Amino acid sequence: QVQLVESGGGLVQPGGSLRLSCAASGSIFSINIMGWYRQAPGKQRELVARIFRDGNTNYADSVKGRFTISRDNAKNTVYLQMNSLKPEDTAVYYCNTHPVPRVGWGQGTQVTVSS
């Protein structure tokens, strides 16, 4: 079974950028939709962005124009480029399949946006 490991988080000032990576232990080529999710303290996990196998993407309104999701099927990796970060982007970020998260949730990667 595929396992997912997220990385790339950290502490960044408002307006800064981070690039998250999601490395899969197996092939993601056959997975139609991969998504990046996030969970802020006291809130439910939400979908931030998703990418289809053909490269089409969708974004939550809150990140549209600031975040970019991409996937490299050859490297079995999904990325999330985050620009113009805001304090409200602070959360633990996870990747998984979409619409049904079929892989066990990993530890995620913490993103903290603060001055």
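Computed from a predicted structure; not experimentally measured. (Residues numbered from 1 in each chain as written. Predicted model: local features only at pLDDT ≥ 70, side-chain atom pairs only at ≥ 80, totals over all residues. Heavy atoms only, no water.)

*Asks:* Hey, could you run me through the overall build of the chain in this one?
*Replies:* Along its length, the chain carries 0 helices and 10 strands. Ordered by position from the N terminus, the helices and strands of the chain form the series β-β-β-β-β-β-β-β-β-β. Taking 115 residues into account, the globule formula puts the C-alpha radius of gyration at 13 Å, and the chain, at 13 Å, falls close to it. Expressed as a percentage of the 115 residues in the chain, the buried residues total 42%. Once local pairs closer than 6 in sequence are excluded, the contacts in the chain between residues at least 24 apart make up 53%. When the accessible surface of the chain is totalled, it reaches about 6,100 Å², and 46% of it is carbon and sulfur. (Helix = DSSP H or I, 4+ residues; strand = E, 2+ residues; numbered from the N terminus. Rg over C-alpha atoms; globule rule 2.2 N^0.38 Å. Buried < 20%, exposed > 50% of the residue type's maximum accessible area, 1.4 Å probe, protein only. Contact = heavy atoms within 4.5 Å. Areas by Shrake-Rupley, 256 points an atom, 1.4 Å probe, with all protein chains shown as cover.)

*Asks:* Sorry if this is basic, but what is going on with the side chain of Arg71 here?
*Replies:* Among the structural elements, Arg71 can be located in strand S7 (residues 67–72). The buried charged residue Arg71 lacks any salt bridge, with Asp54 as its nearest oppositely charged partner at 7.4 Å. Here the side chain of Arg71 touches Asn73 through a polar contact of 3.0 Å, side chain to side chain. (Lys, Arg positive; Asp, Glu negative; His and termini not counted. Salt bridge = Lys/Arg side-chain N within 4 Å of Asp/Glu carboxyl O. Polar contact = N/O pair within 3.5 Å; in protein donor to acceptor, adjacent residues only side chain to side chain.)

*Asks:* How do you make sense of the nonpolar core when you look at a structure like this?
*Replies:* Generally speaking, soluble globular proteins have nonpolar side chains that are buried together. In this structure, Trp36, Phe67, Val78, Leu80, Met82 and Tyr93 are the most contacted members of the largest nonpolar core, which totals 27 residues. Elements with a contribution of two residues or more to this core: strand S3 (18–24), strand S4 (33–39), strand S5 (46–52), S7, strand S8 (77–82), strand S9 (91–97) and strand S10 (109–113). Here this core gets 4 residues from one element, more than from any other, and that element is S3. Apart from residues no more than four positions distant in its own chain, Leu80 is found in contact with Leu18, Arg19, Leu20, Trp36, Ala49, Phe67, Thr68, Ile69 and Tyr93. (Core = buried A, V, L, I, M, F, W, Y, C linked by side-chain atoms within 4.5 Å.)

*Asks:* Please explain the sheet that holds strand S1 (residues 4–7) as it appears in this structure.
*Replies:* Paired through backbone hydrogen bonds, the strands of a sheet run either parallel or antiparallel to each other. Strand order across the open sheet formed by 4 strands is S1-S3-S8-S7, with antiparallel pairing between neighbours. Edge strands, defined here as strands with exactly one partner in the open sheet, are S1 and S7. For this sheet, the mean angle separating the axes of adjacent strands, direction not counted, is 15°. Sheet topology places S3 next to S8; 6 bridges connect them, and they run antiparallel. Bridged to Leu20 within S8 is Leu80. (Pairing = 2+ DSSP bridges. Axes fitted to C-alpha atoms, helices over the stretch in contact; angles between N-to-C directions.)

*Asks:* Looking at this model, I keep getting lost on the pairing of S7. Mind explaining?
*Replies:* Consecutive side chains of a regular strand alternate in pointing toward one face of the sheet and then the other. Burial of S7 is one-sided: the residues Phe67, Ile69 and Arg71 facing one way are buried, the residues Thr68, Ser70 and Asp72 facing the other way are not. As paired strands, S7 and S8 are joined by 6 bridges and run antiparallel to one another. Across the sheet, residue Thr68 finds its bridge partner in S8, namely Gln81. Between S7 and S8, which follow one another and run antiparallel, lie 4 residues, and Asn76 among them has a positive phi close to 55°.

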